[in-house]
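Observations on chain architecture
Now for the letters of each chain:
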Amino acid sequence: MERVVKNYPTSTRPALDDVDVDIDKGEFVFLVGSSGSGKSTFLRLILKEEVPSAGRVHVAGKDLSTLSSWKVPALRRSIGCVFQDFRLLPNKTVFQNVAFALEVIGKPQGTIDKVVPEVLDLVGLDGKAQRMPDELSGGEQQRVAVARAFVNRPMILIADEPTGNLDPQTSVGIMKLLDRINRTGTTVVMATHDSAIVDSMRRRVVELSQGKVVRDQSRGVYGYGA
Amino acid sequence: MRAQFVLSEIFIGLRRNLTMTIALVITTALSLALVGSAMLMRKQVSEMKDFWYGKIEVTIFLCDPVSDTGQCHKTAVSQDQQSAIQTALYANPVVQKVYYESKADAYKHFKDLFKDSPDLTKNVSPDALPPSYRVKLKDPKKFDVIQSEFQDMPGVDAVTDVSKGLKPVFSLFNGIGTSAFVVAGFVVVASVLLIFNAIRVAAFSRRRETGIMRLVGASNLYIRLPFLLEGALAGVIGAAIAAGLVSIGKAYLVDQVLAPNLKFARWVSWADVIHIFPVLFLIGIVLSTLSSFFAIQRHLRV
Ligand SMILES: Nc1ncnc2c1ncn2[C@@H]1O[C@H](COP(=O)(O)OP(=O)(O)O)[C@@H](O)[C@H]1O
Ligand SMILES: [Mg+2]
């Protein structure tokens, strides 16, 4: 989907340097690399939260550099996002947190009442819809975040270190969930530096180092020498 | 411990927002009330001008044995002089109407005018007042033309402009109106800045929500509208209070204090007051919405 240089104005070294990666529909891609290697920047470019200093980003066949700003919301509706820090609203229940994503894009209440329980069921949170986020464990909170990202059935799911704050066992649960979502046909791009997860999943791995792609392997593992 | 901390945080935030909200509504109300007062002041001046210019008269006092000024030398105007003056008046293009007021008419008028003060009328004899021509002009501002033509005619004592005494009153009201506009301008700036700040704080305290809205693809309008409405609401409340303040000013200051004591003019009516309300609301809503628009433009990433 790209051939991209990204310079941040405050930084001397480009965060991404001549990155050229093509991700197909329905793929599951791990973006690995040490902290500061440019993984988050890569993901932000897909969302058009950042614009490339050079090169082009294409999402679903559309060139983001020519996408007018009023069409950006439509782009983001087709992409779900999950982050390391969950980003839930603390004063809303689980149900309201997920419903929020639909309310603010103007979905009718009838649809919301139908699809929110469905997606909570999918992520394994049925029965906890009325809990507040601080009454949930970290893994459960991340499930809420995944539910919110997926409730609008996006084509692409972006996950930036979704297991970064979770213990290994909980992480496995989240990975199973992302895998299940991937099997519905949703493209999943996940940034991580959790080697155990990458090794166990045996999916495509793109490794970044100092903004450069140093490896692109299908069915890869985290480190070299596999 | 944690819950307590969070609770106290919420209360602090609420109190901070509350005082800020009160402050900005008060300044908005005050600035709009000043704008309204200034507008009414203008209205008042033009009302007075209409009133006085409508009945304005130039009075040409004729010579009389009691006066020694002008061309008089203590002799009465002669028949020839008087008809010369009258002819000139009728021939003058700026003159609309001419009334002759004889000595007897003048005395009657004088008694009418001061009928509440018998002490004054008692001391004035029927002979004391000179005859005069009361002249109505087509254009009240042409007084100078009349004055220069008639001042030096034989038989004329003095040419006076009735509106002269009102000039200071007009300029007083004009001055008050202008100062009110200037002060209003400053307070308007203050209230615009306060609204800007309040919306900035609101945008900051709701950045979680707006951040998520952005990520899930809410439209720009949907994200911004609550902030714009908040600003507009402050403008509406401010304008409503300002309308109340102006009405109170009209009911007490104008109707109870000024009008009963200064009967020389018509005062601004309730219709005039109500006429400025839409202007106040318009200014309030437009300014507050604009300043919140710029606040979120700068402080809300979309
Ligand atoms: N907003 C920013 N402004 C300036 N530099 C940034 C910004 N975001 C990231 N960077 C820099 O870009 C590089 C890549 O960052 P990032 O994409 O967050 O890496 P990762 O997610 O792999 O840790 C780092 O050197 C970081 O310091
Ligand atoms: Mg990162």
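Not measured: the values here are computed from a predicted model.

**What about the overall build of chain A?**
A tally of helices and strands in chain A yields 7 helices and 10 strands. Relative to the globule expectation of 17 Å for 226 residues, the C-alpha radius of gyration of chain A, 17 Å, shows essentially globular dimensions. Seen along its three principal axes, the alpha-carbon backbone of chain A occupies a region of about 45 × 40 × 35 Å. Scored against the burial criterion, the 226 residues of chain A give a buried share of 53%. In chain A, the proportion of contacts linking residues at least 24 apart, taken out of those at least 6 apart, comes to 67%. A total accessible area of about 10,200 Å² is found for chain A, and carbon and sulfur atoms account for 48% of it. Side chains of chain A give 30 positive and 27 negative charges; the mean places of these two sets differ by 3 Å.

**Observations concerning the site of ligand 1**
Residues and elements named next belong to chain A. In the vicinity of ligand 1 lie 13 residues, with Gly36, Gly38, Lys39, Ser40 and Thr41 positioned nearest. At 2.9 Å, a backbone N or O of Lys39 approaches an oxygen atom of ligand 1. Side-chain polar atom of Thr41 to an oxygen atom of ligand 1: 2.5 Å apart, as the coordinates give it. Coverage of ligand 1 by the protein chains reaches 67% of its 560 Å² of free accessible surface. Considered class by class, the residues forming the shell around ligand 1 number 2 nonpolar, 8 polar and 3 charged.

**Let's talk about a nonpolar patch on the surface**
Residue and element names in this part refer to chain B. Nonpolar side chains collect at one region of the surface, where Leu30, Leu233, Ile237, Ile241, Leu245, Ile248 and Tyr252 lie side by side and expose about 650 Å² of accessible area between them. In terms of residues, the nonpolar patch owes the most to one element, helix α8 (residues 220-261), which gives 6 residues. In this structure, Leu245 sits in helix α8. With relative accessibility at 39%, the residue Leu245 sits in the partly exposed group.

**Structural notes on the sheet that holds strand β4 (residues 156-161) of chain B**
Residues and elements named next belong to chain B. Read across the sheet, 4 strands follow the order β2-β3-β1-β4 without closing on themselves; strand pairing throughout is antiparallel. Among the strands making up the open sheet, the edge pair consists of β2 (95-101) and β4. Between one strand axis and the next, the sheet turns through 20 degrees on average, direction left out of account. Of the strand pairs in this sheet, β2 and strand β3 (residues 132-137) are connected by 6 bridges, and their pairing is antiparallel. Its bridge partner being in β3, Lys97 is matched across the sheet by Lys136. Sitting on the sheet, helix α2 (residues 79-91) touches β1 (58-62), β2, β3 and β4, and the angle it makes with β3 is about 5 degrees. Seen against the sheet, helix α5 (residues 143-150) touches β1, β2, β3 and β4 and runs at an angle of roughly 175 degrees to β4.

**Some remarks on the packing of helix α3 (residues 94-103) of chain A against helix α5 (residues 138-150) of chain A**
Residues and elements named next belong to chain A. In contact at an axis separation of 8 Å, α3 and α5 are set at 30 degrees when each is read in the N-to-C sense. In terms of orientation, α3 lies roughly parallel with respect to α5. Read as a crossing pair, α3 and α5 show a hand that is right-handed. Along its contact with α3, which presents Val94, Asn97, Val98 and Ala101, the element α5 presents Val144, Ala147 and Arg148. A breakdown of the residues in the contact of α3 with α5 according to their chemical character gives 5 nonpolar, 1 polar and 1 charged.

**Description of the sheet that holds strand β6 (residues 79-83) of chain A**
Backbone-to-backbone hydrogen bonds pair the strands of a sheet. The strands run either parallel or antiparallel. Residues and elements named next belong to chain A. Taken in spatial order, the 6 strands make up an open sheet running β6-β7-β8-β3-β9-β10, and their pairing is mixed. Pairing within the sheet leaves two strands with one partner each, and these edge strands are β6 and β10 (212-217). Going from strand to strand, the sheet's axes swing by 15 degrees on average, the running direction of each strand aside. In the packing of helix α1 (residues 39-46) onto the sheet, the strands contacted are β3 (28-32), β6, β7 (156-160), β8 (187-191) and β9 (204-209), and the crossing angle to β7 comes to about 150 degrees. Seen against the sheet, α5 touches β6 and β7 and runs at an angle of roughly 165 degrees to β6.

**Here we look at helix α6 (residues 168-183) of chain A**
Residues and elements named next belong to chain A. In this model, α6 (16 residues) spans 22 Å end to end at C-alpha, consistent with the 22 Å of a helix rising 1.5 Å per residue. Residues Ser171, Gly173, Ile174, Met175, Leu177, Leu178, Asp179, Ile181 and Asn182 constitute the buried set of α6. Just downstream of α6, Gly185 is the residue with a positive phi angle, here 105 degrees.

**Quick look at unusual backbone geometry**
All names here are of chain A. In this structure, Arg87 takes a positive phi of about 55 degrees despite not being glycine. Since its relative accessible area comes to 33%, Arg87 is described here as partly exposed. With phi around 45 degrees, Arg153 is a residue other than glycine that occupies positive phi space. You can call Arg153 partly exposed: its relative accessible area is 49%.

**Observations concerning the nonpolar core**
With 66 residues, the main nonpolar core has Phe30, Val98, Val116, Leu120, Val151, Met175 and Leu178 of chain A as its most contacted residues. A per-element tally of this core places α3 of chain A first, with 7 residues. With residues up to four places along the chain from it excluded, the contact list for Val116 of chain A reads Phe95, Val98, Ala99, Leu102 and Val151 of chain A. Listed in part, the 27 residues of the second largest apolar core include Leu16, Leu47 and Leu75 of chain A together with Leu215 of chain B.

Definitions and cut-offs
Residue positions within a chain follow its written sequence, with the count starting from 1. Throughout, the order in which chains and ligands are written sets their labels, letters from A for the former and numbers from 1 for the latter. The predicted nature of this model means local features are confined to residues of pLDDT at least 70 and side-chain atom pairs, given and counted, to a pLDDT of 80 or more, with totals for whole chains, interfaces and linings taken over all residues. Processing note: side-chain calculations cover all non-hydrogen atoms of the structure and skip hydrogens and water entirely. Strands are runs of DSSP state E lasting at least 2 residues, helices are runs of H or I lasting at least 4, and numbering of each runs from the N terminus. The reference for a compact globule is 2.2 Å times residues^0.38; the radius of gyration itself is calculated from the C-alpha atoms. Whether a residue is buried, partly exposed or exposed follows from its accessible area with a 1.4 Å probe, protein chains only, as a fraction of its type maximum: under 20%, in between, or over 50%, in that order. Residues count as neighbours in contact if any of their non-hydrogen atoms are within 4.5 Å of one another. Methods summary: accessible areas were calculated by the Shrake-Rupley approach with a probe of 1.4 Å, and residue burial reflects only the protein chains presented. Under this rule, positive means Lys or Arg and negative means Asp or Glu; His and the chain ends count for nothing. Just so you know, the charge point we use is NZ for Lys, CZ for Arg, CG for Asp and CD for Glu. Here, proximity means that at least one heavy atom of the residue falls within 4 Å of the molecule or strand. Here a polar contact means two N or O atoms within 3.5 Å. Within protein one must be a hydrogen donor candidate and the other an acceptor candidate, and residues neighboring in sequence count only if both atoms are side-chain atoms. Residues are sorted three ways: Asp, Glu, Lys and Arg are charged, Ala, Val, Leu, Ile, Met, Phe, Trp, Tyr, Cys and Pro are nonpolar, and all the rest, Gly among them, are polar. Like charges are joined within 9 Å and nonpolar side chains (Val, Leu, Ile, Met, Phe, Trp, Tyr) within 5 Å, but only among residues with over 30% relative accessible area and no salt bridge; these make up the patches. Whenever Lys or Arg places a side-chain nitrogen within 4 Å of a carboxyl oxygen from Asp or Glu, that contact is recorded as a salt bridge. Strands qualify as paired when DSSP identifies two bridges or more between them. Axis definition: a line fitted to C-alpha atoms, over the contacting stretch in the case of helices. Angles run 0 to 180 degrees between N-to-C directions. Angle categories are assigned with fixed cut-offs, so that under 35 degrees is roughly parallel, over 145 is roughly antiparallel, 65 to 115 is roughly perpendicular, and the rest are oblique. Crossings are classed by handedness, with left-handed meaning an anticlockwise turn of the near helix from the far one by less than a right angle and right-handed meaning a clockwise turn. Multiplying 1.5 Å by the residue count of a helix minus one yields the expected span of that helix. Buried Ala, Val, Leu, Ile, Met, Phe, Trp, Tyr and Cys residues form a nonpolar core when they are joined through side-chain atoms within 4.5 Å.

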